[in-house]
Amino acid sequence: MKAIAVVPRQAGSAHLTDVRKPSVDDVPGGRGVLVRVLQIGLDGTDKEINAGEYGAAPPGEDVLITGHESLGVVEQVGLAVTELAPGDHVVARVRRAGSSLYDILDTPDMTTDDDYFEHGISRVHGFLTEYYVEEPRYLIQIPERLSHVAVLLEPTSIVEKGVLQAYEIQRRLKVWRPRRAAVLGAGTIGLLATMILRNRGLQATTLGQREAPYLNSDLVEAFGARYASTRATPLADVAGEGGFDLVFEATGYSPIVFDAMSHLLAKNGVLVLSSVTGGTRRTEIPSDAINLDFVLGNKAMFGTVNANREHFEAGVRDLAVAELQHPGWLSRLLTHAVRGLDHFSDALDQLSAPGAIKVYVEVSS
């Protein structure tokens, strides 16, 4: 069967290859689930892996099958599988368990292992192929009515984890009733963060570089949030008096983190960092002022990566709420479709296309 693979750490190595079709028997104990891949979403991670910036092949192999944002349909299940049946739509979790205590507790997104296992990224093949086999615990069942937008679930799960952990951390305050939230970045993650925060009833302001109007700003406002351009409005003016109770960063531009610490966060507020920044940027900051403000304001900041099952399931609920209350909004995020694995290089190019929000490959129908 066809698959898209890279030679990790070799720039521009993405290529179409032929691999063995998996079998439900590849998973011991009759617990295998054979999934036919329907759609695979792409993001900056896929582009960076193809640029040779990071990525690791499974042990004993030279190539890594890429792709981590999946949607598929179950074709066959092992004799011991009762949770799923042929015809079910599913999205696969990205992290697989390693050896740490957190992995044993089925929270591999919190692993302390240096060598972690992540489909299409690190030591486990991804989903840019025609079929894959997985254990039921790593698969999230999708309601039929959400299948047309379910390729968005994996990035949604990233936001869910960040927001849920922010609320967990803020239990330190005994009583925390956030009213105002800011989202830094108006790309896929930023728009999904806007959706989730609005679903929770928060007043949300989403910041992007480009001045309105354009598709992303229209989507922000269509969900009842405010859009602001960082080119047109200084961050201090965006925050207004008092600042934001929760700030979710999703820009991929690390210097803005320190601006957010200085200008956006309210007293007792929490700042969530979700960008993976593998570059070498450096910036000068007013460190004494930031430190003093955080200490005197009881402020908190934390990083979040990946997601576990509860976050995927929370994502299903938020996607359902969005589809019910704002029909068609999620579909507008699916801006660029590429049909067939043979045209994968076109999909990588589309990641830089003007107006691209979510680029995805239609593997099969």
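Just so you know, these numbers come straight off a predicted model, no measurement behind them. (Residues numbered from 1 in each chain as written. Predicted model: local features only at pLDDT ≥ 70, side-chain atom pairs only at ≥ 80, totals over all residues. Heavy atoms only, no water.)

Participant: Tell me about the side chain of E118, and name the residues and values.
Facilitator: You can see E118 is positioned in strand β8 (residues 117-119). Exposure remark for E118: the relative accessible area of 6% places this residue in the buried category. Of note is the side chain of E118, whose polar atom sits 2.4 Å from the side chain of N306. Dropping the residues within four chain positions of it, E118 is found in contact with V94, R95, V124 and N306. (Helix = DSSP H or I, 4+ residues; strand = E, 2+ residues; numbered from the N terminus. Buried < 20%, exposed > 50% of the residue type's maximum accessible area, 1.4 Å probe, protein only. Polar contact = N/O pair within 3.5 Å; in protein donor to acceptor, adjacent residues only side chain to side chain. Contact = heavy atoms within 4.5 Å.)

Participant: For the nonpolar core, give the residues involved together with the corresponding values.
Facilitator: One finds L153, M195, L246, F248, W329, L330 and L333 to be the most contacted residues of the largest nonpolar core, which totals 51 residues. Residues within four places of M195 in sequence aside, it is in contact with T156, F223, D318, L319, A322, W329 and L330. Listed in part, the 23 residues of the second largest apolar core include I40, L128, L139 and F344. (Core = buried A, V, L, I, M, F, W, Y, C linked by side-chain atoms within 4.5 Å.)

Participant: An account of the environment of F248 is needed here, citing residue identities and associated values.
Facilitator: Structurally, F248 is set in strand β15 (residues 244-249). By relative accessible area, which is 0% here, F248 ends up buried. For F248, the contacting residues outside a window of four places in its chain are V159, G162, V163, A182, V183, L184, I189, A193, V272 and S274.

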